[in-house]
Amino acid sequence: MATTDFIAAIELGSSKISAIAGKKNSDGSIEVLAQARVEAPSFMHKGVVFNIDKAAAALTSVIGKLEEQLKASVAQVYVGMGGQSLHSLKSAVSRSVGDEESTVSQALVDALYDENRETPLADYVILDVVPQEFKVDHSLHADPVGVTGHHVTGQYLNLVARTQLKKNVEMAFAQANIKIADDLLVTAVAEAKAVLTQTEMRQGCALVDFGSDTTTVSVYKNNLLRHL
């Protein structure tokens, strides 16, 4: 099996590290090809890696188990993480559309997003951003592109965690010589996409994940994550 035939993911939990590999079929379904887990109580606490050496050894072990089942090497993995410090933080960024009433462009919306993403937070890092609504002058819009006005404000929900949480995860994967695909994923967001229906997210619901050391609550309304 070629390494491009599947995707692999790892979740860092307080009691265990879980790994899975699968592929997406033509009908959109997911076929699980391999799965493995290792216990993690000696180096994880409340979702936080605090012993890099032991975490790296566990990651090497769980990837080895996956590769043994797949009969192929794992080139890179998607990584889901949580941790006690993970929470949502509201943010707003404003820009002038122009001296006269002008149309909001996609470039302006992208600039608002980038400015929010680069907001410095003392001892915290932004793991993910969920755009909420955009206020153009005095009206709210889900998509402001093409709307005319003088000022636009992007409202965002930043998912943040302590900088050390992310740093320790990256150090453990680097020491294990395992490449992380893309950015680190927030486990709670990935779970919601997997188990919640569009109706549930639109009408409003809370998703509760009971872990061994931490409990995470995600609140959805109008198809958007509103609180974590």
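Attention in this report is confined to the structure presented alongside it. Everything quoted here is computed from the prediction, not taken from an experiment.

Observations concerning the packing of aromatic side chains
Evaluated as defined, the whole model comprises 2 aromatic pairs. Ring centres 6.3 Å apart and planes at 75 degrees place the aromatic pair tyrosine 113 and tyrosine 156 in the edge-to-face group. Taken together, the residues tyrosine 113 in helix H2 (residues 106–117) and tyrosine 156 in strand E12 (residues 151–162) connect sequence positions 43 residues apart. Overall, the relative accessible area of 1% leaves tyrosine 156 in the buried class. When the centroid spacing of 6.1 Å and the interplanar angle of 90 degrees are considered together, the rings of phenylalanine 134 and tyrosine 156 count as edge-to-face. Taken together, the residues phenylalanine 134 in strand E9 (residues 124–136) and tyrosine 156 in strand E12 connect sequence positions 22 residues apart. In this structure, phenylalanine 134 and tyrosine 156 share a single accessibility class: buried. Among the aromatic residues, those joined into a ring-pair cluster are Tyr113, Phe134 and Tyr156.

As for the layout of surface pockets
As a volume, the largest pocket reaches approximately 1,100 Å³. As for the largest pocket, its lining consists of 34 residues, and the residues nearest its centre are Ala9, Tyr78, Leu185, Ala190 and Glu191. The set of elements that each furnish at least two residues to the lining of the largest pocket consists of strand E1 (7–12), strand E2 (16–24), strand E3 (30–39), strand E6 (76–81), E9, strand E14 (185–186) and helix H4 (187–195). Partitioning the lining of the largest pocket into residue classes produces 20 nonpolar, 5 polar and 9 charged.

Notes on unusual backbone geometry
Backbone phi values are negative for most residues with the exception of glycine, while trans is the configuration of most peptide bonds. The phi dihedral of lysine 71 is positive, around 60 degrees, even though this residue is not glycine. Note on placement: lysine 71 falls in the loop between helix H1 (52–70) and E6. When its relative accessible area of 68% is taken as the criterion, lysine 71 is described as exposed. At aspartate 137, a position not held by glycine, the phi torsion is positive, near 55 degrees.

Re the pairing of strand E15 (residues 205–210)
Pairing of E15 with strand E16 (residues 215–221) involves 6 bridges; the strand directions are antiparallel. The residue of E16 that forms the bridge with cysteine 205 is tyrosine 220. Count of turn residues in the E15/E16 antiparallel hairpin: 4 residues.

Cut-offs applied
Residues numbered from 1 in each chain as written. Predicted model: local features only at pLDDT ≥ 70, side-chain atom pairs only at ≥ 80, totals over all residues. Heavy atoms only, no water. Phe/Tyr/Trp six-rings, centres within 6.5 Å; stacked < 30°, edge-to-face > 60°. Helix = DSSP H or I, 4+ residues; strand = E, 2+ residues; numbered from the N terminus. Buried < 20%, exposed > 50% of the residue type's maximum accessible area, 1.4 Å probe, protein only. 1 Å grid on protein atoms, 1.4 Å probe; cavity = no way out; pocket = protein on both sides within 12 Å on 5 of 7 lines; lining within 4 Å. Points joined across faces, edges and corners; volume = space filled by probe spheres on them. Nonpolar A, V, L, I, M, F, W, Y, C, P; charged D, E, K, R; others polar. Pairing = 2+ DSSP bridges.

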